[in-house]
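Coordinates in review
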Amino acid sequence: MKESEDRREGFTDAFTLQRDPASEKLDVGTPAQAAIDIKRVAKAFGAGLTGITHYDQRWEYMRKFSDQSLKERAPEIPTGLDHVIIVAQPMDYGWIRTVPSALSGAATGLGYSHDALVVLSLAQYIRNLGYQAIASMNDTSLAVPYAIKAGLGEYGRHGLLITKEFGPRVRLGKVYTDLTLACDRSIQFGVKQFCGHCQRCSQGCPVNAIPSGLPTAELHNQSNIVGVRKWMVNGEKCFGYWIAQNSDCAICICVCPYNKDFTKWEHRLGRWLTATRLRGFMLWLDSTLGYGERMKPKSWWQGE
Ligand code: SF4
Ligand code: SF4
């Protein structure tokens, strides 16, 4: 079997359909100017959020797995691609509220599809400028730590990225490149402290895959990263649930108080409260008003 035929299926497949970089490198100005231009182009392609950070070996997969030969494969990112552009795509708020359902599954699929469009287009754009660029989804590395380093958000108890703009309701993609770009700084807006108070995701998870206690470096199984103290999610339990119900699950995204439409001022006010001493009040208010409760798919179809 040829290496090129040894493909994974679905979101973890590597993207390979790209034309080679142009033979001459175009002058793109300073790293700061180049970063501004890249973000502008990413937005024009449809990116919800874009951040830039350095390549970091700690988050890269050491080996890949072949679904077809059931053997290890070497990672495919060549050396010298020192920058990583992280793209986040929001998922539909109404569809995610119906989780678990075909509608919420469609929200996930559409989020990844939009990601694919943006990272493939962006990678080809950079190649046309004469630089190396490789588009990637979940096939090469851990997306969440890269996104945190790139300033897109904070780490939540449910193990997901929480962005300021869309909460945890995003899907992530990335582009590795040798184009020198100014990097972003990580941000904080009170998520760590708020998650210390809130346990809605751990209480809502049907298979208890999300911890309710303090961050720890204790591992559940081989799927956890070694040497990092954090809220350690049991990914194998989570994925086992997906398999059992023959669909993905985003209950932890749906119930999260950060899963809001932040174009509304009252939700921006609520987000601000999460970073203050009134965070306990904010959590009580959020529950009292019924946020995080599941919407019946039928209600969505009826336009409620
Ligand atoms: S996706 Fe579902 S099963 Fe997985 S951690 Fe979240 S709530 Fe639990
Ligand atoms: S549901 Fe609560 S504890 Fe879980 S990630 Fe969201 S804010 Fe943090």
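In what follows, the structure referred to is the one given above.
Anyway, here's the lowdown on the structure attached to this text. (Residues numbered from 1 in each chain as written. Chains lettered and ligands numbered in written order. Predicted model: local features only at pLDDT ≥ 70, side-chain atom pairs only at ≥ 80, totals over all residues. Heavy atoms only, no water.)

A word on empty space enclosed by the protein. Gaps between atoms show up when a probe of the same size as a water molecule is rolled over them. Inspection of every chain in the model, using the stated rule, returns 2 cavities of 30 Å³ or more. Taken as a whole, the largest cavity encloses approximately 80 Å³ of empty space. Surrounding the largest cavity, Gly-156, Arg-157, His-158, Ile-162, Phe-194, Cys-195, Cys-198, Arg-200, Cys-201, Cys-256, Pro-257 and Tyr-258 form its lining. Those elements that place two or more of their residues in the lining of the largest cavity are helix H5 (191-197) and helix H6 (200-204). Here the second largest cavity defines a volume of roughly 40 Å³. In terms of lining residues, the second largest cavity is bounded by Glu-60, Tyr-61, Lys-64, Pro-75, Glu-76, Ile-77, Asp-139 and Thr-140. Residues belonging to the lining of the second largest cavity are distributed by class as follows: 3 nonpolar, 1 polar and 4 charged. (1 Å grid on protein atoms, 1.4 Å probe; cavity = no way out; pocket = protein on both sides within 12 Å on 5 of 7 lines; lining within 4 Å. Points joined across faces, edges and corners; volume = space filled by probe spheres on them. Helix = DSSP H or I, 4+ residues; strand = E, 2+ residues; numbered from the N terminus. Nonpolar A, V, L, I, M, F, W, Y, C, P; charged D, E, K, R; others polar.)

What follows is about the environment of Ala-102. Relative to the elements of secondary structure, Ala-102 occurs in helix H3 (residues 102-128). Residues Ala-102 and Val-255, spaced 153 residues apart in sequence, show a C-alpha to C-alpha distance of 18 Å.

Another point: the side chain of Arg-200. By secondary structure assignment, the location of Arg-200 is in helix H6. Classification of Arg-200 as buried rests on a relative accessible area of 14%. For Arg-200, the side chain forms a polar contact with the side chain of Asp-286, separated by 2.8 Å. From its side chain, Arg-200 meets the backbone oxygen of Tyr-291 in a polar contact 3.3 Å long. (Buried < 20%, exposed > 50% of the residue type's maximum accessible area, 1.4 Å probe, protein only. Polar contact = N/O pair within 3.5 Å; in protein donor to acceptor, adjacent residues only side chain to side chain.)

Moving on to the nonpolar core. Membership of the largest hydrophobic core comes to 32 residues, with the highest contact counts inside it found for Ile-86, Leu-152, Leu-161, Leu-172 and Tyr-258. Secondary structure elements with two or more residues in this core: strand E4 (83-90), helix H4 (143-149), strand E7 (161-163), strand E8 (170-177), H5 and helix H10 (279-288). Residues within four places of Leu-161 in sequence aside, it is in contact with Val-144, Ala-147, Ile-148, Leu-152, Gly-153, Glu-154, Gly-167, Pro-168, Val-170 and Leu-172. Core analysis: the second largest hydrophobic core is formed by 24 residues, Val-28, Val-87, Ala-135 and Leu-179 among them. (Core = buried A, V, L, I, M, F, W, Y, C linked by side-chain atoms within 4.5 Å. Contact = heavy atoms within 4.5 Å.)

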